[in-house]
Amino acid sequence: MSEGLKCYYDSFPESKEVFKDNPESGNLLRDHDCTHIIFGLDISIDQEAILDTWVLWGSSFKWKYLLGYSKLPQINELQKNLFKELGIKGFLKLYWNTIAIKRKVIFRTFKMKKKWPFQMPEEYLDMKISDLREIHGIKVLSSEELNYFPTQWSGSINK
């Protein structure tokens, strides 16, 4: 998984800041980033919305830990800017645009062998992503299944 994290961080465009953990957040950001890797999703706003479904239905977590993510200053700022730009209508459109994919994700989570631990064990860092997916029964969505119209906003990764 650590090799996957390095590839994931290296894939960020120069214009995008990689949010890193600090003593107050512990491994929360790393754990979130690992969900992108294990479920095979990028950092676009649409795939973040799809990831929410993977996490809620296919992960084991403590609500307090998971909700700590939205309390991080850099995440708060990002959410504030996103909401300011898209508004309620934009968020509704985003979720409507990905609802069929979210439904596929929910069905995939029912077929998992066991839920992904959102608070990822340290030993997972030394394991191969393919092995971790096999252990948990995770089948990522193919590019054909990730069929949606990308939401455009000033923070889009394809800008």
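Residues numbered from 1 in each chain as written. Predicted model: local features only at pLDDT ≥ 70, side-chain atom pairs only at ≥ 80, totals over all residues. Heavy atoms only, no water.

**Points about the side chain of R108**
Step number 1: Inspection of the secondary structure puts R108 in helix 5 (residues 73-110).
Step number 2: Using a relative accessible area of 13% as the deciding quantity, one classes R108 as buried.
Step number 3: Polar contacts involving the side chain of R108 include one to the side chain of E145, which spans 2.4 Å.
Step number 4: Setting aside anything within four residues of it in sequence, one finds R108 in contact with W54, K139, V140, L141 and E145. (Helix = DSSP H or I, 4+ residues; strand = E, 2+ residues; numbered from the N terminus. Buried < 20%, exposed > 50% of the residue type's maximum accessible area, 1.4 Å probe, protein only. Polar contact = N/O pair within 3.5 Å; in protein donor to acceptor, adjacent residues only side chain to side chain. Contact = heavy atoms within 4.5 Å.)

**Quick notes on the nonpolar core**
Step number 1: M1, F39, I50, W54 and W116 are the most contacted members of the largest nonpolar core, which has 34 residues in total.
Step number 2: Of all the elements in the fold, those that place two or more residues in this core are helix 1 (2-10), helix 2 (28-38), helix 3 (45-58), helix 4 (63-68) and helix 5.
Step number 3: The element best represented in this core is helix 2, accounting for 5 residues.
Step number 4: Excluding its chain neighbours within four sequence positions, the residues that come into contact with F39 are L51, W54, G58, S59, W116, I138 and V140.
Step number 5: Of all hydrophobic cores here, the second largest spans 6 residues; its members include L82, L86, L94 and W153. (Core = buried A, V, L, I, M, F, W, Y, C linked by side-chain atoms within 4.5 Å.)

**Considering helix 3**
Step number 1: An ideal rise of 1.5 Å per residue puts 20 Å on 14 residues; helix 3 measures up with 19 Å between its terminal C-alpha atoms.
Step number 2: Of all the 14 residues making up helix 3, 11 are buried; the element is thus mostly covered by neighbouring parts of the structure.
Step number 3: Listed in full, the buried residues belonging to helix 3 are I45, D46, Q47, E48, A49, I50, L51, T53, W54, V55 and G58.
Step number 4: Where helix 3 is buried, its residues meet helix 2, strand 1 (59-60), helix 4, helix 5 and strand 2 (116-117). (Expected span 1.5 Å × (residues − 1).)

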